[in-house]
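# Per-entry structural report
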Amino acid sequence: MGFGFSLLDERWLRVPPAVGGLARERSLSTVLLDAHEFGDLAVESVTQRSAVLRQLLLPVVVDALGRPADEREWTQWFAAGRWTPEQRARLTAYLDAYREAFGLFDPVRPFAQVAGLRTVKGETKNAALIVPHAATGNNVPLFASRTEGDVFALTPAQAVLWLLHTHCWDTAAIKTGAVGDPQAKAGKTTGNPTGPLGQMGVTLLAGRTLFETLLLNIPVGAAPVSADLPQWRRIDAEHPLSAGTPRWQERLPQGLLDLWTWQSRRVLLVPEATEEGVRVTRVLVAAGDRMPYTPEIEPHTMWRTEPTGGRKPAKVKGRIVPPRRPLRLQPGKAVWRGLDALLATERATREAGEGTSGFVTSKVLDQAGGLVAELGEGYPLRVELTGVAYGNQSAVVDDVMHDALPLPLAALEVDSFVRSALLEVCEQAEQLAAAVNHLSADLRRALGTEPIPWDRGQRPGELVLHALDPLVRRLLAGIRHVDDLERIDAGQLAWEQLAWSRAWAVADRLLQAVPVSAFAGRSTSQGEGKPERTHRVSLAESFFLKRRAEILHRAAAARRESTAGVAEPAGLPTAS
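Read on for a plain summary of the structure. (Residues numbered from 1 in each chain as written. Predicted model: local features only at pLDDT ≥ 70, side-chain atom pairs only at ≥ 80, totals over all residues. Heavy atoms only, no water.)

## A word on the sheet that holds strand β13 (residues 358-360)
The strand order across the open sheet built from 3 strands is β12-β9-β13, with neighbouring strands paired in antiparallel fashion. Since the sheet does not close on itself, it has two edges, and those belong to β12 (324-326) and β13, each with one partner. If you compare each strand with its neighbour and ignore which way they point, the axes differ by 35° on average. Bridging between strand β9 (residues 303-305) and β12 involves 3 bridges; their strand directions are antiparallel. Bridging across to β12, R304 finds its partner in R325. (Pairing = 2+ DSSP bridges. Helix = DSSP H or I, 4+ residues; strand = E, 2+ residues; numbered from the N terminus. Axes fitted to C-alpha atoms, helices over the stretch in contact; angles between N-to-C directions.)

## Focus on helix α15 (residues 537-551)
Between its first and last C-alpha atoms α15 spans 21 Å; for 15 residues at 1.5 Å apiece the expected length is 21 Å, and the two agree. For α15, the secondary structure elements touched by its buried residues are α12 (417-447), α14 (485-512) and α16 (553-563). (Expected span 1.5 Å × (residues − 1). Contact = heavy atoms within 4.5 Å.)

## Section: the pairing of strand β14 (residues 382-391)
Counting buried positions over the 10 residues of β14 gives 9, a clear majority of the element. Relative to β14, strand β6 (residues 202-206) runs antiparallel, the two sharing 5 bridges. Residue L205 lies in a different strand from β14, and its bridge partner there is V383. Inspection of the sheet shows β14 paired to strand β15 (residues 396-406) by 10 bridges, in the antiparallel sense. Bridge pairing in β15 links Y390 to V397. (Buried < 20%, exposed > 50% of the residue type's maximum accessible area, 1.4 Å probe, protein only.)

## Details of the nonpolar core
In this structure, L7, W12, L28, W83, F102, L269 and L342 are the most contacted members of the largest nonpolar core, which totals 142 residues. Per-element tally for this core: the top contributor is α12, with 12 residues. Sequence-distant contacts of W12, that is, excluding residues within four places in its chain, are made with F5, L7, E25, R26, L28, L56, A157, V160 and L161. Formed by 6 residues, the second largest nonpolar core is a distinct cluster that contains V114, L117, L268 and A286. (Core = buried A, V, L, I, M, F, W, Y, C linked by side-chain atoms within 4.5 Å.)

## Digging into helix α2 (residues 46-65)
Here α2 contains 20 residues, and its C-alpha end-to-end distance of 28 Å stays within 8% of the 28 Å for a straight helix at 1.5 Å per residue. Its maximal kink placed at L53, α2 deviates by approximately 40°. For α2, a buried count of 19 out of 20 residues is recorded, marking the element as mostly surrounded by other parts of the structure. Looking at the residues trailing α2, positive phi occurs at G66, about 80°. (Bend = angle between axes of the 7 residues up to and from the residue.)

## Here's the deal with the sheet that holds β14
Strand order across the open sheet formed by 3 strands is β6-β14-β15, with antiparallel pairing between neighbours. Single-partner strands in this sheet number two, and they are β6 and β15. In this sheet, neighbouring strand axes are inclined to one another by 20° on average, regardless of whether the strands run parallel or antiparallel.

What follows is the structure, encoded as structure tokens:
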């Protein structure tokens, strides 16, 4: 029995109206051609958004229209707010020309799959295999309501999303050995890395409409080389880089289209007719193409740079690896705490000096920083970062990290006051957390116990960062429309005054929990020939208050001015 499901015609992508409202399912053709009418993609898992953009929407646009040659042409596209009639016609012609490649269950060239993929014994697995939060094999989430033995049925719309997700984020380790895979042994293929997005923190930009989001995530540059094709144009079995056979290669991408539509797995969805309609209940996931490292053409990740120090460049599989590594996200860490990396544009890096160890932001964010004059400093840019933390040899998903941040475009300008203010605010937040941790350590020493190890348990500094999180985000959103130094300074003073009380609220809880016996203090030896050190609650508190005043110097100065010449009544608590 044949099953039909065309990504171009069937409604499977959920998008809300750009002006607000409920998200509804639309076809790929509608979403692309009328992108200006829609807002952000509505997905079941945040990791699906980057998969849909990179595996489908962005490569279709770039392959059909090409990339803007320079920032001037990009600005012309963006200013139109929608596709021009000529661009719309080219997109329509492109989708018509490759219509057969977008059939999900096509028997000859199923989209992003390998027709006839099979094992020696003809086995398939539960469709839950491509859904990370579903119970399958050794991956059994805590309190899961399903078991591997239960039938797990995906609608065609769900199956497309998880198929794209698999190519981007699949776990590593052993994969099923397919017939035709020369590396398969005993029905298995080993040594598989995670999907390419699992090896970095994905940095995407979001605009006011889906049209703007698409353009914001397309790097400008020369037209792609002829060898750079999306996977649906390399489906021919005779193509040397075909994605339509069980054979796979370890290689570098030919270009941006190849990178975006990277087929890290060979997959086949197995549909069946049910009372509810067509459902995908079984799948086969085998080994796919492997990248030796993330190439520098990758536009959607921040980078960690290492100084060469005169050393020879490292090599992987005989190839020279540039001294840049994709920056991965840390579980539980808000995006603004890594603002120094997010704002590390190429221009700032060049001014700091080549070979300096540090960070470089993503190509698309760096590009947006060069378009401040065209977009306007008040443009409501949103940066979304997504990553996955894998466990047990990267064979299971431990955590999914996602955060979105309103980012003032002025912060991407190297010498802007906004940039300096934001970096200072983030540094102050980290310093306040460190000050509270130091207070906690001193109080514990006064009690005769050891401080909480930095890598174990939750230290109270995390509570400070949690309390400051909404304040930082409010500042980021509010400073977007500020254009003069006085208002920026006023905003920083307001931030410091709020941070002053939030940090004290956490510190005060620590002090209130200290028993009376700790106030007498405790002396500890500092080593032979060195004087003993005394730890008292009063000393710990005094040091914290002094450190807080140093960190939040504007708020401290304002408090001194407001109390100048006013005598404090005896016994009045002034620490808070």
